[in-house]
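Structural description and commentary
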Amino acid sequence: MENEVYQLLNKLYIKYEKIKHPPLFTCEDNEKYKIKFDAIVCKNLFIRNSNKSQYYFVALPIEKRVDLKLLQMLLGEKRLSFGNENVLEEKLGIKSGAVSIFNIINLKDKDIMFILDEDILKCEKVGFHPNINTETVIFNPQEIHKIFECYNVKYKFIEI
């Protein structure tokens, strides 16, 4: 799966750096292994609305916390909750621990909106797993729109 990510980046002429590391399943794993990235590394959340008609992929810098009540208001939803592992695999073709914007490659339905914290755009470099949790891809966040537009998905940057 990661090979498809690198093919996509090359196709879109996005310059990147690949970093190999031990498997990272959680934000705490990053601390445990004391991996230093020369970039903002993102945590990624898979969230759904109460009637399961809309799913959200939310990416924000690892040190930030998401306020679900505020996010509900910003997205015009009555209630949000975390999607489960089965739906994550069904919708994005991935297991938890390797969730990232690059899961877009496996996107099955168009009922997922990608939400990214606008702080991501303020940095020089950003890091995401390339559909495998033993690597991180570092690139310029200004290039993210190319990835989403290539797959014609709904996305927006908001202050989380």
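As shown above, the structure is provided for reference.
A few points on the structure. None of the values given here were measured: they were computed from a predicted structure. (Residues numbered from 1 in each chain as written. Predicted model: local features only at pLDDT ≥ 70, side-chain atom pairs only at ≥ 80, totals over all residues. Heavy atoms only, no water.)

On to unusual backbone geometry, then. The phi dihedral of Lys52 falls on the positive side, at around 60°, and the residue is not glycine. Here Lys52 shows up in the loop between β2 (40–49) and β3 (55–61). Within the chain, Asn152 stands out as a residue other than glycine whose phi angle is a positive 55°. Among the secondary structure elements, Asn152 is positioned in the loop between α5 (144–150) and β8 (154–158). (Helix = DSSP H or I, 4+ residues; strand = E, 2+ residues; numbered from the N terminus.)

Another point: the pairing of strand β5 (residues 112–117). Where burial is concerned, most of β5 is hidden: six out of the six residues are buried. The two faces of β5 match: Ile112, Phe114 and Leu116 on one face and Met113, Ile115 and Asp117 on the other face are all buried. Of the strand pairs in this sheet, β3 and β5 are connected by five bridges, and their pairing is parallel. Pairing of Val58 across the sheet is with Ile115, part of β5. (Buried < 20%, exposed > 50% of the residue type's maximum accessible area, 1.4 Å probe, protein only. Pairing = 2+ DSSP bridges.)

Attention now moves to a nonpolar patch on the surface. Nonpolar side chains collect at one region of the surface, where Leu70, Met73 and Leu74 lie side by side and expose about 280 Å² of accessible area between them. Of note, Leu74 is situated in helix α3 (residues 68–75). Judged by its relative accessible area of 38%, Leu74 is partly exposed. (Patch = residues over 30% accessible without salt bridge, like charges linked within 9 Å, V, L, I, M, F, W, Y side chains within 5 Å. Areas by Shrake-Rupley, 256 points an atom, 1.4 Å probe, with all protein chains shown as cover. Salt bridge = Lys/Arg side-chain N within 4 Å of Asp/Glu carboxyl O.)

Moving on: the pattern of salt bridges. Summed over all chains, the structure comprises six salt bridges. A salt bridge links Lys20 to Glu135; its shortest N-O distance comes to 3.5 Å. One end of the pair, Lys20, is in strand β1 (residues 16–20); the other, Glu135, is in strand β7 (residues 135–139), and 115 residues separate them in sequence. Judged by relative accessible area, which is 61%, Lys20 ranks as exposed. One network of salt bridges, with partners in common, ties together Lys64, Asp117, Asp119 and Lys122.

As a further point, take the nonpolar core. If you look at the biggest cluster of nonpolar residues, it comprises 35 residues, and the most contacted ones within it are Ile101, Phe128, Phe139 and Ile147. In contact with Ile101, not counting residues within four places along its chain, are Phe57, Phe114, Leu116, Phe128, Phe139, Ile144, Ile147 and Phe148. In this structure, Tyr56, Val58, Leu80 and Ile158 belong to the second largest nonpolar core, which totals twelve residues. (Core = buried A, V, L, I, M, F, W, Y, C linked by side-chain atoms within 4.5 Å. Contact = heavy atoms within 4.5 Å.)

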